[in-house]
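Now for the letters of each chain:
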Amino acid sequence: MPRDLGDVLHYFLPEASGDAPQEEHGVEPVRPARTATPVEPSRPPRRSRAAPGKAPEPLPRVLVPIGERDVVRAAFSWKLVVEVARLGGRATLVAPEARHEGALWPGAGPGPMGSEVVLSASRDAAGLARDAAHASRAEAARAPDGGIVFLRLPPPWLLEAQPGDLPGAAWLLTTADPRELLETYALIKRLLAQRPAMHLGVTVHGVRRVDDAREAFERLACHVRQHLGARITSYGLLVDDLHVYRAIVAQRPIG
């Protein structure tokens, strides 16, 4: 059973394992127990260098819709950024500056394992998208092993977002609670209205049993398929873990 974001990272970064993400309407089956032999995590393939005089290809951007006070999902997102950096890729989080007490992220600048936080002064999706595009170009020159720019967008900003403001992929987190599944469905509907071809990956968190996560994801995937004519990808599950909440209190990521 996946225990943390490092265990489900292969869903999000297929380069880390060589396998493409599964687009099945179900949660990955329970994996056999790991052997006692330590295995070094595989690294993403090294990016080919750009031709002389040609700028390297910008890093891919992934949208992460997170509310202003959603500290749990913010903690998961920041932890994933650090995990990508731990695997050897460049990992940058672009997020709007917080205007309320209690920041969701660390301060702007370098973070653990070579990760980085870029806080944007923009107050709309268009400005935030420009800052994320700038970061993806700037980081590409320093990313021989590849990487990702995560773009945190407050869900209300989607109302005025244009299709060009949104990247081609998004990562969503939800619990198995029916109300949260309904909210996630509404968010997916809004995203697809803006970019119908957007690749959507969903991670179910806060569950204690694999069956609970599988049932929740299949219910969500069924509604998306029947009512929106689209598919979503399962990015596995995260179990309810006390270490996550301790890390939030300590304001530091855990691996």
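**Section: the overall build of the chain**
Part 1: Within the chain, the secondary structure is distributed over 6 helices and 8 strands.
Part 2: The N-to-C order of helical and strand elements in the chain reads α-β-α-β-β-β-α-β-β-α-β-α-β-α.
Part 3: For the chain, with 255 residues in total, the buried portion stands at 47%.
Part 4: Considering only intrachain contacts with a sequence separation of at least 6, the fraction spanning at least 24 residues in the chain is 81%.

**Regarding the confidence of the model for the chain**
Part 1: Looking at the chain, the pLDDT average stands at 78 and 70% of residues meet or exceed 70.
Part 2: Across the chain, the secondary-structure element scoring lowest on mean pLDDT is helix α1 (residues 5–12), at 54, and the one scoring highest is helix α5 (residues 210–228), at 96.
Part 3: Confidence drops under pLDDT 50 across residues 16–49; counting only partners more than four residues distant or on other chains, this segment forms 67 contacts.

**Considering the nonpolar core**
Part 1: I188, L191, L200 and I232 are the most contacted members of the largest nonpolar core, which has 39 residues in total.
Part 2: Only α3 (125–140), β5 (147–153), β6 (169–174), α4 (178–194), β7 (199–207), α5 and β8 (233–239) provide two or more residues apiece to this core.
Part 3: Every residue in contact with L191, bar those within four places of it in the chain, is listed here: L63, P65, L158, L166, A170, L172, M198 and L200.
Part 4: In this structure, L80, V84, F150 and Y235 belong to the second largest nonpolar core, which totals 20 residues.

**A look at the pattern of salt bridges**
Part 1: For the coordinates displayed, the defined rule picks out 9 salt bridges.
Part 2: When the shortest N-O distance is used, the salt bridge between R73 and E180 registers 2.4 Å. On the criterion of sequence distance, the pair formed by R73 in helix α2 (residues 71–86) and E180 in helix α4 is long-range, its members being 107 residues apart.
Part 3: For R73, a relative accessible area of 14% gives the class buried.
Part 4: Exposure remark for E180: the relative accessible area of 23% places this residue in the partly exposed category.
Part 5: If you follow the salt bridges from partner to partner, you end up with R90, E116, E139 and R142 in one network.

**Re the pairing of β8**
Part 1: Counted residue by residue, β8 has 7 buried out of 7 residues, so it is predominantly covered.
Part 2: Across 5 bridges, β7 lies against β8 in parallel orientation. Along β8, the bridge assignment pairs H205 with L238.
Part 3: In the classification by handedness, the crossover that spans β7, the intervening α5 and the parallel β8 is right-handed.

**Side note on the pairing of strand β1 (residues 61–65)**
The side chains of a regular strand alternate between the sheet's two faces.
Part 1: Most of β1 sits out of view: 4 of its 5 residues are buried.
Part 2: Where β1 lies against β5, 5 bridges are found, and the strand directions are parallel. Residue V64 lies in a different strand from β5, and its bridge partner there is R152.

**Brief notes about the environment of G201**
Part 1: Here G201 lies in strand β7.
Part 2: Spatially, the C-alpha atoms of G201 and A169 are 7.9 Å apart, while their sequence positions differ by 32 residues.
Part 3: Discounting chain neighbours no more than four positions away, the residues touching G201 are A170, W171, L172, T233 and Y235.

**Some remarks on α2**
Count 3.6 residues to each turn of an α-helix, and residues three or four apart come out pointing the same way.
Part 1: Across its 16 residues, α2 extends 22 Å between first and last C-alpha, which sits within 8% of the 22 Å expected from 1.5 Å per residue.
Part 2: Judged by how many residues are buried, α2 sits mostly within the fold: 12 of 16 residues are covered.
Part 3: Of the residues making up α2, those classed as buried are R73, A74, F76, S77, W78, K79, L80, V81, V82, E83, V84 and A85.
Part 4: A positive backbone phi angle near 110° is found at G88, which sits one or two residues after α2.

About the cut-offs
Residues numbered from 1 in each chain as written. Predicted model: local features only at pLDDT ≥ 70, side-chain atom pairs only at ≥ 80, totals over all residues. Heavy atoms only, no water. Helix = DSSP H or I, 4+ residues; strand = E, 2+ residues; numbered from the N terminus. Buried < 20%, exposed > 50% of the residue type's maximum accessible area, 1.4 Å probe, protein only. Contact = heavy atoms within 4.5 Å. pLDDT = per-residue confidence, 0-100. Core = buried A, V, L, I, M, F, W, Y, C linked by side-chain atoms within 4.5 Å. Salt bridge = Lys/Arg side-chain N within 4 Å of Asp/Glu carboxyl O. Pairing = 2+ DSSP bridges. Right-handed = clockwise from strand over helix to strand, strands pointing away. Expected span 1.5 Å × (residues − 1).

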